[in-house]
Amino acid sequence: MAGSQDMFDAIVMADERFHGEGYQEGYEEGNSLGIIEGRQYGTLHGAKIGSEIGCYQGFAFAWRCLLHSCTTEKDSKKMKALESLIGMIEKFPYDDPTYDKLHEDLDKIRGKFKQLCSLLNVQPDFKISVEGSGLSF
């Protein structure tokens, strides 16, 4: 009777055992795929942000060269905004993805860029959207 009881317990407990094993295998597989997908997502969005900041930086450096010799009061206001944008870009934490205010600082840089474009009376075709951002030429 004891042998048949052990066999009966094994049959009854098989469902619970298989459920536990399936859960563990699924968890490990999901964890592995999650790390891969997270790395791909981070790489893609990090590249987009880097490209956007690079465009702002190139724009700012070009205009700094163009405005370097101008001395009017209007130009000094433009230079002040330009230097502010360059300072914000230089302080941006490129190598710290865990920085709490990364998106907040990026929004401030975007705002300063828009302000500078307004001061310079420049209309760049710069799109900030869900798919990403970029300059079009």
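Bear in mind the structure is a predicted one, so any value in this text is a computation, not a measurement.

1. Some words on the nonpolar core
As a rule of thumb, soluble globular proteins bury nonpolar side chains together. By size, the foremost hydrophobic cluster in this structure holds 20 residues, and its most contacted members are Ile53, Leu82, Leu85, Phe92, Ile109 and Leu116. Among the secondary structure elements, those contributing two or more residues to this core are helix 1 (2–67), helix 2 (73–91) and helix 3 (102–120). Examining the composition of this core, we find that seven residues originate from one element, helix 3, more than from any other. With near-sequence residues (within four places) excluded, phenylalanine 92 lies in contact with Ile49, Ile53, Leu102, Asp105, Leu106 and Ile109.

2. Considerations on a nonpolar patch on the surface
Residues Phe8, Val12 and Met13 make up a contiguous nonpolar surface patch of about 290 Å² in total accessible area. Mapping methionine 13 onto the fold places it in helix 1. Residue class for methionine 13 comes out partly exposed when judged on its relative accessible area of 44%.

3. Describing the environment of threonine 98
By the secondary structure assignment, threonine 98 is in the loop between helix 2 and helix 3. A polar contact is formed between the side chain of threonine 98 and the side chain of aspartate 96, at a distance of 2.6 Å.

4. Thoughts on helix 3
Taking 1.5 Å as the rise per residue, helix 3 with 19 residues should run 27 Å; its terminal C-alpha atoms sit 27 Å apart, in good agreement. Among the residues of helix 3, Leu102, Asp105, Leu106, Ile109, Arg110, Lys112, Phe113, Leu116, Cys117 and Leu120 are the ones counted as buried. Seen along its axis, helix 3 keeps its buried residues to an arc of 165°; they face one direction. Summarising the geometry of helix 3, the exposed residues directed more than 90 degrees from the buried face are His103, Lys114 and Ser118. Of the residues flanking the end of helix 3, it is asparagine 121, one or two places downstream, whose phi is positive at about 60°.

5. What to know about the packing of aromatic side chains
The full count for this structure, using the stated rule, is five aromatic pairs. Between the aromatic rings of phenylalanine 59 and tryptophan 63, the centroid separation amounts to 6.4 Å while the plane-to-plane angle is 50°, which identifies the pairing as tilted. Of this pair, phenylalanine 59 and tryptophan 63 both sit in helix 1, four residues apart, which is roughly one turn of that helix. Ring geometry for phenylalanine 59 against phenylalanine 113: centres 5.0 Å apart, planes inclined by 70°, an arrangement best described as edge-to-face. Taken together, the positions of phenylalanine 59 in helix 1 and phenylalanine 113 in helix 3 put the pair 54 residues apart, joining distant regions of the chain. Phenylalanine 113 shares its class with phenylalanine 59; the two are buried.

6. Brief notes about the pattern of salt bridges
Summed over all chains, the structure comprises four salt bridges. Residues glutamate 83 and arginine 64 are paired through a salt bridge, measuring 3.6 Å at the closest nitrogen-oxygen approach. Highlighted residues: glutamate 83 in helix 2 and arginine 64 in helix 1, separated in sequence by 19 residues. Given the relative accessible area of 30%, arginine 64 is considered partly exposed. Close ionic contact of aspartate 107 with arginine 110 constitutes a salt bridge, the shortest N to O distance being 3.2 Å. A residue pair is termed a helical-turn pair when its members lie 3 or 4 positions apart in one helix, as aspartate 107 and arginine 110 do in helix 3 at three residues. In this structure arginine 110 comes out as buried when scored by relative accessible area, which is 18%. Within the structure, one salt-bridge network assembled from shared partners comprises Glu52, Asp107 and Arg110.

The rules behind these values
- Here, residues in each chain are numbered from 1, in the same order as that chain's written sequence.
- Selection of residues for local features in this predicted model requires a pLDDT of at least 70, selection of side-chain atom pairs for listing and counting requires 80 or more, and totals for whole chains, interfaces and linings are taken over all residues.
- Each side-chain value is derived from all of the structure's non-hydrogen atoms; neither hydrogens nor water enter the calculation.
- Among buried residues, those of type Ala, Val, Leu, Ile, Met, Phe, Trp, Tyr and Cys that are joined through side-chain atoms within 4.5 Å constitute a nonpolar core.
- Residue exposure (1.4 Å probe, protein chains only): buried if accessible area is under 20% of the type maximum, exposed if over 50%, otherwise partly exposed.
- Starting at the N terminus, helices and strands are each numbered in turn, a helix being any DSSP run of H or I of at least four residues and a strand any DSSP run of E of at least two.
- Throughout, a residue-residue contact means that at least one pair of heavy atoms, one from each residue, lies within 4.5 Å.
- Two distance rules govern patches: like charges are joined within 9 Å, and nonpolar side chains (Val, Leu, Ile, Met, Phe, Trp, Tyr) within 5 Å, applied only to residues with over 30% relative accessible area and no salt bridge.
- In short, Shrake-Rupley with a 1.4 Å probe defines the accessible areas, and a residue's cover is counted only from the protein chains shown.
- Salt bridges are identified by distance alone: a Lys or Arg side-chain nitrogen within 4 Å of an Asp or Glu carboxyl oxygen.
- Whenever two N or O atoms come within 3.5 Å, that pair is a polar contact, provided that in protein one can donate a hydrogen and the other can accept it, and provided that, for residues adjacent in sequence, both atoms are side-chain atoms.
- Expected helix span is given by 1.5 Å per residue-to-residue step, counting one fewer step than there are residues.
- Each direction from the helix axis to a C-beta atom contributes to the arc, which is the arc of those directions.
- Each aromatic pair joins two rings of Phe, Tyr and Trp (for Trp, the six-membered one) with centres within 6.5 Å, and gets the label stacked for planes under 30 degrees apart, edge-to-face for over 60, and tilted for any other angle.

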